[in-house]
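Here is what each chain is made of, one letter per residue.
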Amino acid sequence: MRITSLLRLLVMGSLFAGAAACGQGSAGDGGGGVGDGSAHGPEGSTQRARDVSEAWAGSKAARIWHERYFPMDAAVQLPEGAFRSRADERAYATQNFELGGVLPSGKPEEGEVRWHGGGTLALPVSSARDAYAKFARGRNSGPSLVVTGARLGTMTLSTSRGPATVPAWLFTVKGYDTPLRRVAVAPSKLPRPPVGPLPQTSDFLLPLSGVVSVSPDERTVTLRALHGSCDRGPAVAVLETADNVVFSAGVRDRSDGPCTSETRSGKVRVELDRPVGDRMLLDASTGRPVPYAAPVGSPAPSWS
């Protein structure tokens with residue numbers, strides 16, 4: 001496969017200088033320094049991105065990825081105007097719900113995922129009670145939201161194949177005029193990646209936490225990445241090809257001074273040469289597609 005764009009380093013020099021948090025016990029803390037010939041140094045990172053890109057291009061796994069249902073959006077869509085109070089916001093964040101009505105007992109055997117660009121896929125539909133249990137997990141004495149009923153409908157979300165309309169349970173929430181929607185079908189089984197992950201001892205590449213968003217023009221991808229307490233935050237390099245986009249995550253300006261061993265998370269915006277289109281978004285560290293990064297309190301149907 002011909003690579004259409006060489007790896008562009010977003011932060012020069014220190015991009016991958018110690019991708020792990022410094023300090024004893026930090027994730028990924030290992031040996032090797034920049035430019036020492038390590039397989040996981042900056043030069044190795046470039047080759048790793050190429051290896052991941054070439055392994056996925058034209059593979060059976062890539063074909064499955066483009067044919068089946070892999071959501072890249074939140075599993076729950078809130079009612080319009082949510083939230084009306086801080087108490088309701090807290091209730092949702094802690095998944096504290098009460099059932100103030102009767103949920104439907106029956107369910108259709110199958111529902112249809114319909115892609116806006118063409119194509120459909122029949123998948124089993126969950127029951128209303130099972131869907132409710134996915135987001136109503138709180139059992140605390142704090143504020144709660146009251147669900148009074150549900151009906152089967154649809155919702156639109158982003159997937160690996162573009163936007164799709166999917167079966168969803170529409171829950172009536174007391175105090176809101178529009179329903180809370182929860183996806184009623186499970187993601188397809190993730191295909192076996194054609195390339196394995198890097199060892200956890202890798203000192204220059206960290207796994208990404210997920211995709212936060214893609215801009216309307218699909219030329220800016222916002223990612224959530226890990227970093228430590230002794231650096232200036234995460235940094236991401238990108239390799240673009242005709243088939244996929246590979247992200248390599250590290251940290252900026254690691255300090256050698258004393259620090260805590262905590263692992264932190266930060267957002268990084270990556271500008272692409274052209275829109276994402278139908279290209280896969282891959283993680284150089286894991287060798288897998290980058291999952292959707294669900295915000296706290298808004299669980300996504302994880303296929304990772």
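For the structure itself, look to the data block above.
Residues numbered from 1 in each chain as written. Predicted model: local features only at pLDDT ≥ 70, side-chain atom pairs only at ≥ 80, totals over all residues. Heavy atoms only, no water.

(A) Layout of the nonpolar core. In this structure, Tyr 69, Phe 97 and Phe 171 are the most contacted members of the largest nonpolar core, which totals 33 residues. Looking at this core, the elements with two or more residues in it are α3 (86–93), β3 (110–115), α4 (128–135), β5 (145–159), β6 (162–173) and β7 (180–183). A total of seven residues in this core trace back to one element, the largest contributor, which is β6. When neighbours within four sequence positions are excluded, Phe 171 is seen to be in contact with Leu 103, Ala 128, Ala 131, Tyr 132, Phe 135, Val 147, Gly 149, Ala 150, Pro 179, Leu 180 and Arg 182. (Core = buried A, V, L, I, M, F, W, Y, C linked by side-chain atoms within 4.5 Å. Buried < 20%, exposed > 50% of the residue type's maximum accessible area, 1.4 Å probe, protein only. Helix = DSSP H or I, 4+ residues; strand = E, 2+ residues; numbered from the N terminus. Contact = heavy atoms within 4.5 Å.)

(B) Geometry of the side chain of Thr 241. Within the secondary structure layout, Thr 241 lies in the loop between β10 (234–240) and β11 (244–251). Within the local environment of Thr 241, its side chain forms a polar contact with the backbone nitrogen of Asp 243, the two atoms lying 3.1 Å apart. (Polar contact = N/O pair within 3.5 Å; in protein donor to acceptor, adjacent residues only side chain to side chain.)

(C) Structural detail: helix α2 (residues 60–67). Among all positions in α2, only Ala 61, Ala 62, Ile 64 and Trp 65 are buried. Buried residues of α2 fall within an arc of 160° about the axis and therefore sit on the same side. (Arc of directions from axis to C-beta.)

(D) The arrangement of the pairing of β11 in detail. Within β11, eight of the eight residues are buried, leaving the element largely enclosed by the surrounding structure. Side-chain alternation along β11 places Asn 244, Val 246, Ser 248 and Gly 250 on one buried face and Val 245, Phe 247, Ala 249 and Val 251 on a second face that is also buried. What sits between β10 and β11 in their antiparallel hairpin is a turn of three residues. One ladder, built from four bridges, connects β11 with strand β13 (residues 280–283); its direction is parallel. By the bridge assignment, Val 246 is partnered in β13 with Leu 282. (Pairing = 2+ DSSP bridges.)

(E) Quick look at the sheet that holds β10. Taken in spatial order, the three strands of this open sheet run β10-β11-β13, and their pairing is mixed. Each edge of the open sheet is held by one strand with a lone partner, namely β10 and β13. With strand direction ignored, the average angle separating the axes of adjacent strands in the sheet is 25°. In this sheet, β11 lies alongside β10 in antiparallel orientation, the contact comprising seven bridges. Bridge pairing links Ala 235 to Gly 250 in β11. (Axes fitted to C-alpha atoms, helices over the stretch in contact; angles between N-to-C directions.)

(F) Just the pattern of salt bridges, in detail. Applying the stated criterion to the full structure yields four salt bridges. Here Arg 114 makes a salt bridge to Glu 112, at a shortest N to O gap of 2.3 Å. (Salt bridge = Lys/Arg side-chain N within 4 Å of Asp/Glu carboxyl O.)

(G) Spatial organisation of the packing of aromatic side chains. Scanning the model with the defined rule gives seven aromatic pairs in all. For the pair Tyr 132 and Phe 171, a centre-to-centre distance of 6.2 Å together with 45° between the ring planes defines the contact as tilted. In this pair, Tyr 132 sits in helix α4 while Phe 171 sits in strand β6, placing the two residues 39 residues apart along the sequence. Classification of Tyr 132 as buried rests on a relative accessible area of 10%. Here the aromatic rings of Phe 135 and Phe 171 are separated by 5.2 Å at their centres, their planes lie at 80°, and the arrangement is edge-to-face. Residue Phe 135 is found in helix α4, and its partner Phe 171 is found in strand β6; the two are separated by 36 residues along the sequence. Ring-pair connections join several aromatic residues into one group, and the members of that group are Phe 83, Tyr 92, Phe 97, Tyr 132, Phe 135 and Phe 171. The ring of Trp 115 carries Arg 161 above its face, with NZ or CZ at 3.6 Å from the centroid. (Phe/Tyr/Trp six-rings, centres within 6.5 Å; stacked < 30°, edge-to-face > 60°. Lys NZ or Arg CZ within 6 Å of the ring centre and 35° of its normal.)

(H) Main features of the environment of Ala 293. Take Ala 293: it is sitting in the segment after β13. For Ala 293, a relative accessible area of 13% gives the class buried. Distance in space between the C-alpha atoms of Ala 293 and Ser 209 is 6.3 Å, their sequence separation being 84 residues.

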